[in-house]
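Examining the three-dimensional arrangement
Now for the letters of each chain:
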Amino acid sequence: MPQRRINTSIMATKVIIKNNGPIRLEGEFELFDENGNQFNTEGKTAISLCRCGQSSKSPFCDGTHKSCGFSSTVEAA
Ligand code: FES
């Protein structure tokens, strides 16, 4: 298994769960698969991660949630 290279000095990241849509990350972040392989998000300050399971660019949202009938609303309690 590859060595994880998690940067522990990461600045604040805002995570937004979009109703009927993706998970939006804003700020500084690093993204890995379960094997510790890093996705190239260099230079990005915002990304959307698929929550509907239908994206052809998984784990990133490609907008398919708008046409596949995905429905999930969440509200912080
Ligand atoms: S949440 Fe956008 S394609 Fe899945």
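For clarity, every value in this text was computed on a predicted model and none was experimentally measured. (Residues numbered from 1 in each chain as written. Predicted model: local features only at pLDDT ≥ 70, side-chain atom pairs only at ≥ 80, totals over all residues. Heavy atoms only, no water.)

Some points on the packing of aromatic side chains
Per the stated rule, a full pass over the model turns up 1 aromatic pair. Between Phe39 and Phe60, the aromatic rings sit 5.9 Å apart at their centres with planes inclined by 85°, giving edge-to-face as the arrangement. Separated by 21 residues along the polypeptide, Phe39 in the loop between β2 (23–27) and β3 (46–49) and Phe60 in the segment after β3 bring together distant segments of the chain. (Phe/Tyr/Trp six-rings, centres within 6.5 Å; stacked < 30°, edge-to-face > 60°. Helix = DSSP H or I, 4+ residues; strand = E, 2+ residues; numbered from the N terminus.)

Describing the nonpolar core
Within the largest apolar cluster, 5 residues are counted, these being Leu25, Phe29, Leu31, Ile47 and Leu49. If near-sequence neighbours (up to four positions away) are discounted, Ile47 is found in contact with Ile23, Arg24, Leu25, Phe29, Leu31, Thr41 and Phe60. (Core = buried A, V, L, I, M, F, W, Y, C linked by side-chain atoms within 4.5 Å. Buried < 20%, exposed > 50% of the residue type's maximum accessible area, 1.4 Å probe, protein only. Contact = heavy atoms within 4.5 Å.)

Notes on the confidence of the model for the chain
Residues with a pLDDT of 70 or more make up 86% of the chain, whose mean pLDDT is 91. Taken element by element, the predicted model of the chain shows its lowest mean pLDDT in strand β1 (residues 13–17) (96) and its highest in β3 (98). (pLDDT = per-residue confidence, 0-100.)

Quick notes on the pattern of salt bridges
Once their charged atoms are close, side chains differing in charge can pair, the charge on each being opposite to the other. Taken as a whole and judged by the stated rule, the model has 1 salt bridge. Where Glu26 meets Arg24, a salt bridge forms, and the shortest distance between an N and an O atom there is 3.6 Å. (Salt bridge = Lys/Arg side-chain N within 4 Å of Asp/Glu carboxyl O.)

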